[in-house]
Amino acid sequence: MSRTPASEAARRRTFAIISHPDAGKTTLTEHLLLLGGAIHAAGRVKARGEARRAKSDWMKIEQERGISVTSAVMTFEYKDAVFNLLDTPGHEDFSEDTYRTLTAADSAVMVIDAAKGIEAQTRKLFEVCRLRDIPIMTFINKMDRETRDPFELLDEIADQLQIETAPMMWPCGMGLNFRGVQDFSSESFLAFNDAVPSEAEAAALEEEVMLAREGLPAFDLEVYREGHLSPVFFGSALKNFGVSPLLDALARYAPSPRTQAAVGRDAEPGDKEVTGFVFKVQANMDPNHRDRVAFLRLASGEFRRNMKLKQSGTGKTIGVHNPILFFASERETVDEAWPGDIIGIPNHGVLRVGDTLSESGGVVFTGIPNFAPEILRRVRLADPMKQKHLARALESLAEEGVTQLFKPVIGSQWIVGVVGALQLDVLKSRLRAEYELDADLEASPFDAARWLSGAPAEIEKFAAANRGGMAADRDGAPVFLAKSAWEIGYVADRFANVKLLKTRERHEVQAAG
């Protein structure tokens with residue numbers, strides 16, 4: 001059978017994993033990769049020494065704290081499907097990075113701790129998925145520990161996340177008495193560690209299975225793909241139990257690459273023209289080189305190595321000579337890629353988050369925003385002679401889209417903006433580790449940042465009247481730095497013809513540029 005963009009796209013499953021920190025997301029990721037043959041040994045996140053270095057966590061701060069703060073991309077094959085797995089940050093301080101990562105995903109797996117149920121961060125990430133109508137499968141993890149009642153857990157998911165749940169299996173026992181699961185599709189019992197349920201346990205399981213089947217919705221493929229129903233799996237990622245049925249279900253039910261929204265005409269995966277968008281830029285993945293890699297999600301066409309693609313907005317032609325597929329920090333040069341695949345393009349500051357690449361240069365994808373930061377800090381160096389070096393470092397890290405960078409009209413100190421406090425720790429850590437810069441992040445007089453929208457003459461009037469709070473972002477767009485929410489309301493009333501925006505679409509940045 002000849003390979004076409006449509007036939008290859010049908011084999012692709014590009015999905016993200018979301019969870020609250022410590023629910024077991026990284027461990028599940030490891031075992032999915034193990035099943036797909038991408039790795040030969042899974043590194044326990046909580047283990048000691050070298051064993052603690054989880055394969056998908058490469059940044060120093062991730063390895064030290066045992067958390068994921070960047071979005072790793074990993075590609076592997078399983079049966080006849082090709083999986084592109086996006087491991088999102090589990091920490092709420094990186095929800096903006098997660099949102100952009102989810103623009104590249106067609107479905108998601110939500111990992112829930114069986115003892116804790118829905119936690120604050122799970123809810124926040126789930127809401128991000130709902131904004132994009134992404135189909136979600138649920139994996140209830142850590143069944144080999146003491147857990148809450150399964151019916152109670154499913155009720156909580158339905159109540160708090162406003163989504164129906166359809167169990168695909170049902171657990172027998174929990175903790176030390178966890179015996180395995182009854183698989184609904186195969187009508188077979190999957191034993192945990194060769195356990196055999198006692199007569200009483202088997203009878204209790206039979207009764208619970210009957211109640212679950214009668215009282216809970218049955219799986220419906222169409223309703224799942226619309227994002228209104230979540231199939232639920234039970235298991236233990238650490239013990240590699242229940243992971244295989246989850247991966248089988250992803251191969252069988254998860255959607256293949258979807259139509260991508262664009263200005264003018266949407267892009268279909270089967271279209272002949274090669275198109276894609278940059279959803280992430282990562283600097284210094286290889287500490288030996290000051291490299292920058294742009295993560296490009298392919299939306300249509302048959303991509304070939306050495307292709308020339310045009311950047312939307314600038315019209316620049318970019319020769320893609322060394323495209324790479326990822327396995328965490330390891331990489332492999334590829335000769336071809338298809339819709340749904342995520343390739344890395346080494347570049348030196350040319351490509352930014354939100355850029356569209358296409359053969360014609362006429363395609364501009366939408367839906368990748370910048371969010372206004374919630375914490376603003378001044379950057380001060382111990383050594384003032386390194387100001388130029390600091391400017392380059394901050395620019396480079398801001399390119400990744402995790403931190404915002406503002407240059408005030410008055411004053412020489414850079415101001416960085418982040419969504420959460422952990423991002424400040426990461427910024428300081430990376431400035432020290434990757435750029436040998438000892439920087440302090442001091443409190444700034446500003447509390448919020450807003451982009452300005454309106455006629456140029458109106459924005460000029462606004463800037464003249466509010467000179468002390470004016471700055472430019474790294475694209476040169478005008479930004480108002482406010483000292484309080486009250487000040488935002490006050491200036492908004494005084495300048496009714498200028499809009500103060502909390503988000504800014506990346507394709508609008510390109511159009512302005």
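Relevant structure appears above.
Structure report, in brief. (Residues numbered from 1 in each chain as written. Predicted model: local features only at pLDDT ≥ 70, side-chain atom pairs only at ≥ 80, totals over all residues. Heavy atoms only, no water.)

Once that is clear, we can look at the overall build of the protein. The helix and strand inventory of the protein stands at 14 helices and 30 strands. Residues classed as buried in the protein amount to 57% of the 513 residues present. If you take every contact in the protein between residues at least 6 apart in sequence, the share linking residues at least 24 apart comes to 72%. (Helix = DSSP H or I, 4+ residues; strand = E, 2+ residues; numbered from the N terminus. Buried < 20%, exposed > 50% of the residue type's maximum accessible area, 1.4 Å probe, protein only. Contact = heavy atoms within 4.5 Å.)

Turning our eyes to something else, we now look at the sheet that holds strand β24 (residues 415–418). The sheet built from eight strands is open, its strands ordered β25-β22-β24-β23-β27-β28-β26-β29 with antiparallel pairing. The open sheet has two edge strands, β25 (439–443) and β29 (499–501), and neither has a second partner. When strand polarity is set aside, the average angle formed by the axes of neighbouring strands in this sheet is 40°. One ladder, built from four bridges, connects strand β22 (residues 375–381) with β24; its direction is antiparallel. Of the residues in β24, the one forming a bridge with Leu-376 is Gly-417. Docked against the sheet, helix α10 (residues 387–398) engages β22, β23 (404–408) and β24, running at close to 150° with respect to β22. (Pairing = 2+ DSSP bridges. Axes fitted to C-alpha atoms, helices over the stretch in contact; angles between N-to-C directions.)

Through backbone hydrogen bonds, the strands of a sheet pair up, either in parallel or in antiparallel fashion. Ordered in space as β7-β8-β9, the three strands form an open sheet in which the pairing is antiparallel. At either end of the open sheet lies a strand with only one pairing partner, and these are β7 (169–172) and β9 (188–191). Neighbour-to-neighbour, the strand axes of the sheet open up by a mean angle of 25°, direction not taken into account. Examined bridge by bridge, β7 and strand β8 (residues 180–183) share four bridges and lie antiparallel to one another. Looking at β8, one finds that Pro-171 is bridged to Val-181.

Our focus in this paragraph is the side chain of Arg-474. Structurally, the position occupied by Arg-474 is in the loop between β27 (470–473) and β28 (478–482). The contacts of Arg-474, once residues within four sequence positions are left out, are Arg-352, Glu-395, Ala-398, Glu-399 and Leu-405.

Right, let's talk about the pattern of salt bridges for a bit. Within the structure shown, the criterion is met by 28 salt bridges. Between Lys-239 and Asp-144 there is a salt bridge, with its nearest N and O atoms 3.2 Å apart. Placement of Lys-239 in the loop between β10 (229–234) and α9 (243–253) and of Asp-144 in the loop between β5 (136–141) and α6 (150–161) is noted, with a sequence separation of 95 residues between them. For Arg-432, the salt bridge identified is with Asp-438, shortest N-O distance 3.5 Å. Exposure remark for Arg-432: the relative accessible area of 44% places this residue in the partly exposed category. (Salt bridge = Lys/Arg side-chain N within 4 Å of Asp/Glu carboxyl O.)

Looking now at the environment of Leu-238. In this fold, Leu-238 is placed in the loop between β10 and α9. According to the relative accessible area criterion, Leu-238 is partly exposed, its value standing at 33%. For the pair Leu-238 and His-31, spaced 207 residues apart in sequence, the C-alpha to C-alpha distance is 8.1 Å.

Here we come to the packing of α10 against helix α11 (residues 421–435). The N-to-C vectors of α10 and α11 enclose an angle of 120°; their axes lie 11 Å apart at closest approach. By the angle between their directions, the pair α10 and α11 is classed as oblique. Here α10 runs over α11; the crossing is right-handed. Facing α10, whose interface residues are His-389, Ala-393, Leu-394, Ser-396 and Leu-397, α11 presents Leu-427, Arg-430, Leu-431, Glu-434 and Tyr-435. In terms of residue class, the contact of α10 with α11 is made up of six nonpolar, two polar and two charged. (Parallel < 35°, antiparallel > 145°, perpendicular 65-115°, else oblique. Left-handed = near helix turned anticlockwise from the far one by under 90°. Nonpolar A, V, L, I, M, F, W, Y, C, P; charged D, E, K, R; others polar.)

Residue pairs spaced three or four apart in an α-helix point in one direction, given the helix's 3.6 residues per turn. With 12 residues, α6 extends 16 Å between its outermost C-alpha atoms, agreeing within 8% with the 16 Å of an ideal straight helix rising 1.5 Å per residue. Turning to α6, its buried residues are Pro-150, Leu-153, Leu-154, Glu-156, Ile-157 and Leu-161. Along the long axis of α6, the arc covered by the buried residues comes to 155°, so they all point the same way. Where α6 starts, the residue carrying a side-chain oxygen 3.1 Å from the main-chain nitrogen of Phe-151 turns out to be Asp-149. A positive backbone phi angle near 55° is found at Gln-162, which sits one or two residues after α6. (Expected span 1.5 Å × (residues − 1). Arc of directions from axis to C-beta. Polar contact = N/O pair within 3.5 Å; in protein donor to acceptor, adjacent residues only side chain to side chain.)

The subject of this paragraph is the packing of helix α2 (residues 25–35) against α9. The N-to-C vectors of α2 and α9 enclose an angle of 70°; their axes lie 10 Å apart at closest approach. For the element pair α2 / α9, the angle class is roughly perpendicular. Here Leu-28, His-31, Leu-32 and Leu-35 of α2 come into contact with α9, specifically with Val-243, Ser-244, Leu-246 and Leu-247. For the contact of α2 with α9, the class distribution of residues is six nonpolar, two polar and no charged.

What follows deals with the packing of aromatic side chains. Going through the model one piece at a time under the given rule, you end up with 15 aromatic pairs. Taken together, the ring pairs in this structure connect Phe-15, Phe-76, Tyr-78 and Phe-83 into an aromatic cluster. Lying across the ring of Phe-184, Arg-213 places its NZ or CZ 4.4 Å from the centre. (Phe/Tyr/Trp six-rings, centres within 6.5 Å; stacked < 30°, edge-to-face > 60°. Lys NZ or Arg CZ within 6 Å of the ring centre and 35° of its normal.)

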